[in-house]
Amino acid sequence: MSHSLTPQPLSVAARGPLSGRITVPGDKSISHRALMLSALAVGESRVEGLLEGEDVLATAAAMRAMGATIARGDDGVWRIHGVGVGGLLQPAGALDMGNSGTSTRLLMGLVASHPITATFTGDASLSGRPMGRVIEPLSRMGADITASPGADGKGGRLPLMLRGLSPAVPITYTLPVASAQVKSAILLAGLNTPGITRVIEPVPTRDHSERMLAGFGATLTVEDSPEGKIISIHGEAELKPQHIVVPGDPSSAAFWLVAASIVPGSDIVVANVGLNPTRTGIITALRMMGADITEEDPRIVGGEPVADLRVRHAPLTAIEVPPDLAPSMIDEYPALFVAAAFAEGRTVARGAHELRVKESDRIAAMAAALSACGVTVEEHEDGMTVTGSGGAAIRGDATIASLLDHRIAMSMTIAGLHAARPVTIDDVAPVATSYPVFYASLDQLTGAA
């Protein structure tokens, strides 16, 4: 499921203002969960707007390997016939997760409470990412997990083998780091575990799993406590099939919000963007910087808030990014760093330790990329300080290492749209993991289509 092994370099030059209306692919987080929960429901679920990137297709392939029937119709609607909670089958071979950390961690949770054994593999980037944060709670629930040591010798890496336990042991687990993936893995394991499994979340993270589990009929409660949110799921659930409409991914929309903000004369509409409050940190931060972003036709689709976002070029001013925004925009920091490169003054972004363990070390990768383009940056352990151009074009004239990371490739593509000289990305093939039509949308917005 990993992208082409042949690098696809691309040189990006300034093209003038962005204009027009586009939609972005379906939300990646919701797409993963829609496939997994549909595969555990009894009957046929239908999913519209599913993100058809490599990461989500890796999830679909894994659920097929464990017994679900999953097919895409000519009408673009995905139809999933599930096996029921507790009904996952032993996969015949290893589950290839490609580049998808979400697929890996959430599926580990599903398998942990089923009486099956699964081997998880991935590409070079995914194999370097830590899984220990999921291994620890799932082991407490009774799963037997053997992981690889990894290049750094710290352990907890792919490939790994997970032997599930049924019945598993319900636990109460306080998240040591703000991670929706760890929370979701435990809740998914709890689906087939007798009794009540609880996750205590000191810092709120995206809540797509809670919303969708409740939508499928799981008994789930969320309550506030002095320790944080307590999410409780009653095990041995019976999930009912659903019709799901996936909203546009705010993480994908973020690139266009930044692009239109920094390129003079731009005026675009990004339609059907999911505005779940646990995902809108990038909009909050950009508005703090002076971005002109308005919400048109706000509505509820499939239990999630959605709107069309109109974005017009505006001068940006540096800010100190509130650290408490980090959980709601962790994937959008690379795009935010690009916005900061064109702001007036020094933008300081701290509290984003998680960026070190994404598809790449996104702090180091973006610091190197922006520096190569002539931007003054100061790298911190948990973020970055960026001295902006005050709206002027940055120098460009650099070749950027994307490090197999789709968000680095897309962020630096956007930076190249307002650079004095072209910016070359060494490999844009990884963009297919989350946004296969990104470059077609770029051509459309810049009149090059």
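In this text, all values refer to a predicted model and were calculated from it rather than measured experimentally.

### Some points on the sheet that holds strand E12 (residues 220–225)
Thinking step 1. The 4 strands lie next to each other as E10-E11-E13-E12, forming an open sheet whose pairing is mixed. Two strands bound the open sheet, and with one partner strand each, they are strand E10 (172–174) and E12. With direction set aside, neighbouring strand axes in the sheet form an average angle of 15°.
Thinking step 2. Direction of pairing for strand E11 (residues 196–201) relative to strand E13 (residues 228–234): antiparallel, over a ladder of 6 bridges. Its bridge partner lying in E13, isoleucine 196 is registered against histidine 234.

### Considering the side chain of threonine 446
Thinking step 1. Tracing the backbone through its elements, the reader meets threonine 446 in the segment after helix H13 (438–445).
Thinking step 2. The exposure class assigned to threonine 446 is buried, which follows from its relative accessible area of 13%.
Thinking step 3. A distance of 2.7 Å separates a polar side-chain atom of threonine 446 from the backbone oxygen of leucine 442.

### Structural notes on the pattern of salt bridges
Thinking step 1. Using the criterion set out here, one finds 30 salt bridges in the structure.
Thinking step 2. As a salt-bridge pair, aspartate 55 and lysine 28 come within 3.2 Å of each other at their nearest N and O atoms. Residue aspartate 55 is located in helix H2 (residues 54–65), and its partner lysine 28 is located in helix H1 (residues 28–40); the two are separated by 27 residues in the primary sequence.
Thinking step 3. A single salt-bridge network, built from bridges that share partners, covers Arg129, Arg206, Asp331, Lys358, Glu359, Arg362 and Asp405.

### Brief notes about the sheet that holds strand E23 (residues 419–425)
Thinking step 1. Spatial strand order, E1-E23-E22: 3 strands in an open sheet with mixed pairing. With one partner strand each, in any of the chains shown, strand E1 (10–12) and strand E22 (394–400) form the two edges of the open sheet. If you compare each strand with its neighbour and ignore which way they point, the axes differ by 15° on average.
Thinking step 2. Where E1 and E23 come together, 3 bridges link them in antiparallel fashion. Residue pairing for E23: leucine 10 is matched across the bridge by isoleucine 425.
Thinking step 3. Helix H12 (residues 406–416) rests against E1, E22 and E23 of the sheet, and its axis sits at about 160° to E23.

### Looking at the packing of helix H3 (residues 101–112) against helix H5 (residues 132–140)
Thinking step 1. Between H3 and H5, whose axes approach to 10 Å, the crossing angle comes to 15°. Classed by the angle they form, the pair H3 and H5 counts as roughly parallel. Crossing geometry of H3 relative to H5 is assigned as right-handed. Along the contact surface, H3 presents Arg105, Met108, Gly109 and Ala112, while H5 presents Arg133, Val134, Ile135 and Leu138.

### What to know about the nonpolar core
Looking at soluble globular proteins, one finds that nonpolar side chains tend to be buried together.
Thinking step 1. Trp256, Leu286, Tyr333 and Ile414 are the most contacted members of the largest nonpolar core, which has 78 residues in total.
Thinking step 2. Setting aside chain neighbours within four positions, we find tyrosine 333 in contact with Val321, Leu325, Ala326, Ala349, Arg350, Ala352 and Leu355.

### Concerning helix H10 (residues 333–341)
A turn of α-helix holds 3.6 residues, and therefore any two residues three or four places apart point the same way.
Thinking step 1. Most of H10 is tucked away: 9 of the 9 residues are buried.
Thinking step 2. All of the buried residues along H10 are Tyr333, Pro334, Ala335, Leu336, Phe337, Val338, Ala339, Ala340 and Ala341.

Conventions adopted
- Residues numbered from 1 in each chain as written.
- Predicted model: local features only at pLDDT ≥ 70, side-chain atom pairs only at ≥ 80, totals over all residues.
- Heavy atoms only, no water.
- Pairing = 2+ DSSP bridges.
- Helix = DSSP H or I, 4+ residues; strand = E, 2+ residues; numbered from the N terminus.
- Axes fitted to C-alpha atoms, helices over the stretch in contact; angles between N-to-C directions.
- Buried < 20%, exposed > 50% of the residue type's maximum accessible area, 1.4 Å probe, protein only.
- Polar contact = N/O pair within 3.5 Å; in protein donor to acceptor, adjacent residues only side chain to side chain.
- Salt bridge = Lys/Arg side-chain N within 4 Å of Asp/Glu carboxyl O.
- Contact = heavy atoms within 4.5 Å.
- Parallel < 35°, antiparallel > 145°, perpendicular 65-115°, else oblique.
- Left-handed = near helix turned anticlockwise from the far one by under 90°.
- Core = buried A, V, L, I, M, F, W, Y, C linked by side-chain atoms within 4.5 Å.

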